[in-house]
Amino acid sequence: MAKRNMSPEKVEMPAQDAKVRARNFEEVTHGYTVEMAKEEAARCLQCKHKPCVNGCPVMVKIPEFIHLITEDDFEGAYQKILETNVLPAICGRVCPQESQCEALCVRGIKHEPVGIGRLERFVADYHREHAEPESHNYETNGHKVAIVGSGPAGLSCAGDLARMGYEVTIFESLSEGGGVLVYGIPEFRLPNDIVKNEIKQLELDGVKIETNVVIGRTITIDELMDEYGYEAVFIGSGAGLPVFLGIPGENSIGVYSANEYLTRSNLMRAYDECYDTPIRKSKKVAVVGGGNVAMDSARTALRLGADEVYIIYRRSFEEMPARIEEVHHAEEEGVIFKNLNNPTEIKTDESGEVVAMTCIQMELGEPDESGRRRPLPIEGSEYDIELDTVIIAVGTNPNPLIKDTTEGLDVTFWGGIIADEGGATSREGVFAGGDAVTGAATVISAAGAGKVAATSIDEYIKSKNA
Ligand code: FAD
Ligand code: SF4
Ligand code: SF4
């Protein structure tokens with residue numbers, strides 16, 4: 001039994017220097033070495049009632065996998081995580097652990113919690129570096145299921161169904177699989193190779209991925225079921241339709257939605273000279289919003305060469321929805337935060353190019369329906385910031401294409417597909433999960449929904465064929 005480590009702080013994870021990394025797209029943090037991982041794992045108290053597990057949307061067996069690390073059984077630890085989470089290398093990097101598993105860690109009551117995410121990442125990286133992806137040759141049961149979208153919801157649903165013996169095909173509208181994991185989250189937080197590796201494993205398990213197929217345009221869900229023999233369909237099409245502010249000047253040259261900006265940089269490699277993807281050579285950039293998407297856009301703008309990058313957010317730091325670690329990293333890299341500020345107009349020159357944005361200062365009033373204090377404008381506090389680029393990162397909704405082309409599919413007023421706890425929608429044989437149902441959420445909640453739906457689909461197909 002390893003000696004317990006009662007250090008109040010997590011073992012630090014090595015990272016690139018802030019000034020250096022602010023100008024490159026290499027991953028910011030380097031991950032634990034074996035020694036560091038064992039030292040951090042020894043901080044876990046192996047609590048009998050396992051409170052940390054209740055904080056994880058897919059109930060990863062946290063004390064068990066951490067114990068295996070202390071025993072040098074890194075492959076065993078990997079297999080333990082895999083029992084409930086098919087995307088450990090990704091979740092170890094991007095899960096908001098501070099509000100999930102680590103939020104309930106007993107060590108976190110007085111000091112820093114156990115670095116559960118860092119350990120999960122270590123185990124997954126160790127596996128990737130030491131084991132070749134292998135085909136499991138699951139025996140087919142002859143039933144076909146179609147999946148719309150290859151984000152975490154679609155991938156986890158596909159993985160579980162393949163393991164049960166289903167013939168699974170994922171239809172993806174973009175040129176690469178991975179959803180937001182490849183087109184949204186930048187390489188400096190989540191290298192594409194990590195996502196590719198997870199997808200390769202699914203393909204070895206028999207999952208087929210058809211890219212450049214837009215369900216609702218190339219082919220409809222009704223056609224998949226009525227003409228192509230798919231007995232069930234899982235919709236994991238995400239929430240990729242950007243929301244805008246509705247202020248004057250938003251259609252000007254130099255205004256991007258965060259989705260477009262990040263897709264150009266991440267998926268279409270605008271930062272790489274070998275690719276000819278056009279993107280603005282910005283010097284002064286404002287990103288409007290306070291979530292992960294805003295942080296990713298601001299940090300990408302720095303890496304693309306901007307001299308000044310502002311985050312404009314209408315509430316205070318405490319209300320920012322972004323992961324704390326990402327806010328710290330952005331601050332360290334030189335992003336300038338203008339919290340309690342709200343844009344009212346984007347100004348242009350005579351050719352329609354952005355030259356400035358008018359903002360108004362805000363103060364926090366009484367709590368609103370969400371329980372957060374409502375931001376209120378301070379009269380007469382307007383001012384202009386000179387800019388050449390504005391990136392809008394204030395949210396996204398599901399694209400209506402699938403709803404508009406699928407018979408009998410009910411959605412909410414904002415376009416979210418209505419599904420029950422098991423993922424069943426109003427249309428028989430059609431299931432849904434992830435951001436397409438909940439609106440923009442997290443990787444692990446989407447992966448969890450895909451998993452739940454896989455079980456429901458299995459039950460549905462078995463009951464139909466009984
Ligand atoms: P998505 O990942 O959006 O995947 C949906 C896929 O469906 C896409 O590939 C899309 O192209 C495809 N699709 C859509 N319509 C069709 C169609 N008609 N036909 C075929 N294919 C279609 N979460 C975290 O937990 N931590 C983070 O740090 C974090 N950072 C984020 C940063 C950014 C920039 C963004 C945008 C999101 C971030 N999130 C983060 C949120 C997280 O990525 C999402 O909640 C998650 O990816 C949702 O998964 P999904 O599978 O439901 O949808
Ligand atoms: Fe924590 Fe995410 Fe891993 Fe669950 S999947 S244990 S929430 S890092
Ligand atoms: Fe370990 Fe913290 Fe979970 Fe306890 S709550 S088992 S210390 S990770």
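Each value, and the rule that gives it
Residues numbered from 1 in each chain as written. Chains lettered and ligands numbered in written order. Predicted model: local features only at pLDDT ≥ 70, side-chain atom pairs only at ≥ 80, totals over all residues. Heavy atoms only, no water. Near = heavy atom within 4 Å. Nonpolar A, V, L, I, M, F, W, Y, C, P; charged D, E, K, R; others polar. Buried < 20%, exposed > 50% of the residue type's maximum accessible area, 1.4 Å probe, protein only. Helix = DSSP H or I, 4+ residues; strand = E, 2+ residues; numbered from the N terminus. Pairing = 2+ DSSP bridges. Polar contact = N/O pair within 3.5 Å; in protein donor to acceptor, adjacent residues only side chain to side chain. Axes fitted to C-alpha atoms, helices over the stretch in contact; angles between N-to-C directions. Parallel < 35°, antiparallel > 145°, perpendicular 65-115°, else oblique. Left-handed = near helix turned anticlockwise from the far one by under 90°. Contact = heavy atoms within 4.5 Å. Salt bridge = Lys/Arg side-chain N within 4 Å of Asp/Glu carboxyl O. Domains from an automatic or database assignment. Buried area = accessible area lost by both parts, 1.4 Å probe.

A. Structural view of the site of ligand 2. Near ligand 2, the surroundings consist of Cys56, Pro57, Val60, Ile62, Asn85, Cys91, Cys95, Gln97, Gln100, Cys101, Glu120 and Ile444. Here the residues of the shell around ligand 2 sort into eight nonpolar, three polar and one charged.

B. Main features of the pairing of strand β7 (residues 284–288). Burial within β7 is extensive, with four of its five residues counted as buried. Where β7 meets strand β8 (residues 308–313), five bridges bridge the pair, whose relative direction is parallel. Following the sheet pairing, Val288 is matched in β8 by Ile312.

C. Structural view of the environment of His130. Relative to the elements of secondary structure, His130 occurs in helix α7 (residues 116–130). A relative accessible area of 54% means that His130 is categorised as exposed. C-alpha separation for the pair His130 and Glu421, spaced 291 residues apart in sequence, amounts to 38 Å. From its side chain, His130 meets the backbone oxygen of Tyr126 in a polar contact 2.8 Å long.

D. Geometry of unusual backbone geometry. Backbone geometry at Gln46 places phi at a positive 55 degrees, although glycine is not the residue there. Looking at the element boundaries, Gln46 is found in the loop between α2 (34–41) and α3 (51–54). On the basis of relative accessible area, Gln46 is assigned to the partly exposed category, the value being 28%. Non-glycine residue Asp72 carries a positive phi angle of around 65 degrees. Position of Asp72 relative to the elements: it lies in the loop between α4 (62–70) and α5 (74–82).

E. Inspection of the pairing of strand β11 (residues 354–367) at higher detail. Pairing analysis gives seven bridges linking strand β10 (residues 341–348) to β11, with the strands arranged antiparallel. Across the sheet, Pro343 pairs through a bridge with Cys359, a residue of β11. From the end of β10 to the start of β11, which pair antiparallel, there are five residues, and Gly352 there has a positive phi angle of about 85 degrees. When β11 meets strand β13 (residues 383–386), the two strands line up antiparallel, connected through four bridges. Along β13, the bridge assignment pairs Ala356 with Glu386. Here β11 folds back onto strand β12 (residues 373–377) in antiparallel fashion, the turn holding five residues, of which Gly371 has a positive phi close to 90 degrees.

F. Seen up close, the site of ligand 3. In the neighbourhood of ligand 3, the contacting residues comprise Cys44, Leu45, Cys47, Pro51, Cys52, Pro63, Cys105, Val106, Arg107 and Ile116. Among the residues forming the shell around ligand 3, the class breakdown is nine nonpolar, no polar and one charged.

G. How the structure looks around the packing of α2 against α4. Where α2 contacts α4, the axes come no closer than 8 Å and their chain directions differ by 130 degrees. Classified by the angle between their axes, α2 and α4 sit oblique to one another. At the point where α2 passes α4, the crossing takes the left-handed sense. Across the interface between the two elements, Ala37, Lys38 and Ala41 of α2 pack against Ile66, Ile69 and Thr70 of α4. Within the contact of α2 with α4, the residues separate by chemical class into four nonpolar, one polar and one charged.

H. Region of interest: the sheet that holds β8. Here five strands make up an open sheet; going across it, the order is β6-β14-β7-β8-β9 and the pairing parallel. The two strands at the open ends of the sheet, each matched to only one other strand, are β6 (255–257) and β9 (336–339). Adjacent strand axes in the sheet meet at a mean angle of 20 degrees when their direction is disregarded. One ladder, built from three bridges, connects β6 with strand β14 (residues 389–392); its direction is parallel. In the strand pairing of β14, Val255 is matched with Val390. Packing of helix α12 (residues 258–266) onto the sheet brings it into contact with β6 and β14, and relative to β6 it is tilted by some 85 degrees.

I. The pattern of salt bridges, seen in detail. On inspection of all chains with the given rule, the structure shows 32 salt bridges. Across the pair Arg163 and Asp160 runs a salt bridge, and its minimum N-O distance is 3.3 Å. Remark: Asp160 and Arg163 occur in helix α8 (residues 152–163); sequence separation between them is three residues, near one turn of the helix. One salt-bridge network, in which partners are shared between bridges, spans Arg21, Glu98, Arg189, Asp296, Arg299, Arg303, Arg323, Glu325, Glu326, Glu332 and Glu333.

J. Molecular detail of the environment of Ser252. Mapping Ser252 onto the fold places it in the loop between β5 (241–242) and β6. C-alpha of Ser252 to C-alpha of Leu82: the two residues are 170 residues apart in sequence and 47 Å apart in space. With near-sequence residues (within four places) excluded, Ser252 lies in contact with Thr348, Gly352 and Val354. Looking at Ser252, its side chain comes within polar contact range of the main-chain oxygen of Gly249, at 2.5 Å.

K. Layout of the domain arrangement of the protein chain. Segmenting the protein chain into domains produces domain 1 (18–130), domain 2 (144–240 + 397–464) and domain 3 (244–394). On the domain 2 side, the residues contacting the 22 residues of domain 1 number 21 residues. Across the domain 1/domain 2 interface, buried area totals approximately 1,800 Å², and carbon plus sulfur atoms make up 75% of it. There are zero salt bridges connecting domain 1 and domain 2. Here domain 1 and domain 2 share two residue pairs in polar contact (both at pLDDT 80 or more) between them. Sorting elements by how many residues they give to the side of domain 1 that touches domain 2 places helix α6 (residues 88–94) first, with six residues.

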